[in-house]
Amino acid sequence: MRIPVIAGNWKMHKTGPEGAAMVTALLPLVRDAREVEIVICPPFTALEAVGRALAGSAVRMGAQDVHWQAEGAYTGEVSAGMLVAVGCSHVIIGHSERRQYFGETDELVNRKVKAALSAGLVPILCVGETLEQREAGQTEEICRTQVEGGLKGLAPEQVKGVIIAYEPVWAIGTGRTASPQDAQQVIRSIRQVIREIFGEAAEAVRIQYGGSVKPENAAELMAQPDIDGALVGGASLQAETFAAIINYR
Ligand code: PGA
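Quantities reported herein were computed from a predicted structural model and do not represent experimental measurements.

The rules behind these values
- Residues numbered from 1 in each chain as written.
- Predicted model: local features only at pLDDT ≥ 70, side-chain atom pairs only at ≥ 80, totals over all residues.
- Heavy atoms only, no water.
- Helix = DSSP H or I, 4+ residues; strand = E, 2+ residues; numbered from the N terminus.
- Rg over C-alpha atoms; globule rule 2.2 N^0.38 Å.
- Buried < 20%, exposed > 50% of the residue type's maximum accessible area, 1.4 Å probe, protein only.
- Contact = heavy atoms within 4.5 Å.
- Areas by Shrake-Rupley, 256 points an atom, 1.4 Å probe, with all protein chains shown as cover.
- Lys, Arg positive; Asp, Glu negative; His and termini not counted.
- Charge placed at Lys NZ, Arg CZ, Asp CG, Glu CD.
- Phe/Tyr/Trp six-rings, centres within 6.5 Å; stacked < 30°, edge-to-face > 60°.
- Lys NZ or Arg CZ within 6 Å of the ring centre and 35° of its normal.
- Near = heavy atom within 4 Å.
- Polar contact = N/O pair within 3.5 Å; in protein donor to acceptor, adjacent residues only side chain to side chain.
- Nonpolar A, V, L, I, M, F, W, Y, C, P; charged D, E, K, R; others polar.
- Pairing = 2+ DSSP bridges.
- Right-handed = clockwise from strand over helix to strand, strands pointing away.
- Axes fitted to C-alpha atoms, helices over the stretch in contact; angles between N-to-C directions.
- Parallel < 35°, antiparallel > 145°, perpendicular 65-115°, else oblique.
- Left-handed = near helix turned anticlockwise from the far one by under 90°.
- pLDDT = per-residue confidence, 0-100.

S.K.: What am I meant to see in the overall build of the protein chain here?
M.R.: The secondary structure content of the protein chain amounts to 11 helices and eight strands. In terms of overall size, the protein chain behaves like a compact globule, its C-alpha atoms giving a radius of gyration of 17 Å where 249 residues would be expected to give roughly 18 Å. Relative to its full complement of 249 residues, the protein chain shows a buried share of 53%. Sequence-distant contacts, at least 24 apart, represent 72% of the contacts inside the protein chain between residues at least 6 apart. When the accessible area of the protein chain is evaluated, it comes to approximately 11200 Å², of which 52% is carbon and sulfur surface. For the protein chain, the separation between the mean place of its 23 positive charges and that of its 29 negative charges on side chains is 3 Å.

Take a look at the structure:
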């Protein structure tokens, strides 16, 4: 069975001390959470402090981006090995904000996924359509292209270790959530694409929903058969709110 993963994407919020204070408040609230994996993704500069505050707990830590090379002259960038060294187990790759504001393409995303896997990190590969694309009836086609591109060249065994986050761009930070039925339908189509390429491995891949997930809509989204967790932005910044999503059952 696929264990759901609830990940908090803090985006460009919180310093080290602020992040450490947040997770210190969060840990007692999620101590009894069962059969759910929890991942916190702070900005690079808060990773060390948050990692220290999480030490000894079951909550894992991820970064929000990674470079595709192990090292080199890439000013401003951070490698997968560096993320492992600071205590990360996961990394978000190809978030729509990176695609939109930093020009990330499927090819680049694919290189980052491979770099993460070779360093032993679990990639959280983000895919999703814009409002225009949805209105043009292109949702499943866009997701197919992004999933195929992002996972290109991987072996089925590697694909099992990847988490996909389906995040419709129009639902991110807008308060508009995809209906659980809508999200289920797209996520099922994504699993079908993975099955076509990688066979049985598709059954093991966790596929999250992301986009305005809140305590009020988490349970209904998570009850869908193909939805295996959530990637949470705004609602992951506060301990009580994020805990209420984690304790959705
Ligand atoms: P949101 O962001 O929950 O604030 O909509 C989700 C995300 O971008 O990962």
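Next comes the rest of the account.
S.K.: Can you help me understand the packing of aromatic side chains in this one?
M.R.: Throughout the structure, instances matching the rule amount to two aromatic pairs. Its guanidinium or amino end placed over the ring of Trp-10, Lys-14 lies 5.5 Å from that ring's centre, counting from NZ or CZ. One residue, Arg-98, lies across the ring of Phe-102, its end atom 4.0 Å from the ring centre.

S.K.: What is the right way to read the site of the ligand from this model?
M.R.: Neighbouring residues of the ligand: 13 residues in total, closest Lys-11, His-95, Glu-167, Gly-173 and Ser-212. The side chain of His-95 places a nitrogen or oxygen atom 2.7 Å from an oxygen atom of the ligand. In this structure, Gly-173 approaches the ligand through a main-chain N or O atom, which is 2.6 Å from an oxygen atom. Across the shell around the ligand, the residue classes break down as four nonpolar, seven polar and two charged.

S.K.: Help me understand the pairing of strand E2 (residues 37-41), please; the structure alone is not making it clear to me.
M.R.: Strand residues, when the strand is regular, have side chains that alternate between the two faces of the sheet. Within E2, four of the five residues are buried, which leaves the element mostly enclosed by the surrounding structure. Two strands pair when backbone bridges link them, and strand E1 (residues 5-9) and E2 are joined in this way by five bridges, in the parallel orientation. Across the sheet, the residue bridging to Val-5 is Glu-37, located in E2. Once you follow E1 into helix H1 (residues 16-29) and on to E2, the crossover reads as right-handed. Looking at chain direction, E2 and strand E3 (residues 60-63) are connected through two bridges and run parallel. Residue pairing for E3: Val-39 is matched across the bridge by Arg-60.

S.K.: I would appreciate a short explanation of the environment of Gly-128 in the present structure.
M.R.: Within the element layout of this structure, Gly-128 appears in the loop between strand E5 (122-127) and helix H6 (131-135). In the structure, Gly-128 is positioned 16 residues away from Arg-144 in sequence and 9.5 Å away in space, judged by C-alpha atoms.

S.K.: When you look at the pairing of strand E4 (residues 90-93) in this model, what are you seeing that I'm missing?
M.R.: Neither face of E4 is open: one carries His-90 and Ile-92, the other Val-91 and Ile-93, and all of them are buried. Pairing geometry for E3 and E4, over two bridges, is parallel. Residue pairing for E4: Ala-63 is matched across the bridge by Val-91.

S.K.: Explain the packing of helix H5 (residues 106-119) against helix H7 (residues 139-151) here, please?
M.R.: Helix-helix packing is characterised by the crossing angle of the two axes and by the distance between the axes. Contact geometry of H5 with H7 gives a least axis separation of 7 Å together with a crossing angle of 45°. One finds that H5 runs oblique with respect to H7. In this structure, H5 meets H7 at a crossing whose hand is right-handed. Every residue of H7 that contacts H5 at Asp-106, Val-109, Asn-110 and Val-113 is listed here: Thr-145, Gln-146, Gly-149, Gly-150 and Leu-151. Here the contact of H5 with H7 is composed, by residue class, of three nonpolar, five polar and one charged.

S.K.: Looking at this structure, I do not really get the confidence of the model for the protein chain. What am I missing?
M.R.: Detailed conclusions should not be drawn from predicted coordinates in areas where pLDDT is low. When the pLDDT values of the protein chain are averaged, the result is 97; 100% of them are 70 or greater. Within the protein chain, no element has a lower average pLDDT than H6, which sits at 96, and none a higher one than E4, at 99.

S.K.: When you look at the sheet that holds E4 in this model, what are you seeing that I'm missing?
M.R.: The strands making up a sheet associate through hydrogen bonds between their backbones, and the pairing can be parallel or antiparallel. Spatially, eight strands are ordered E1-E2-E3-E4-E5-E6-E7-E8 in a closed barrel, and the strand pairing comes out parallel. Neighbour-to-neighbour, the strand axes of this sheet turn through a mean angle of 25°, independent of strand direction. Against the sheet, helix H9 (residues 180-198) makes contact with E5, strand E6 (163-166) and strand E7 (206-210), and its axis sits at roughly 150° relative to E7, the strand it touches most. Packing of helix H11 (residues 239-246) onto the sheet brings it into contact with E1, E2 and strand E8 (229-232), and relative to E1 it is tilted by some 160°.

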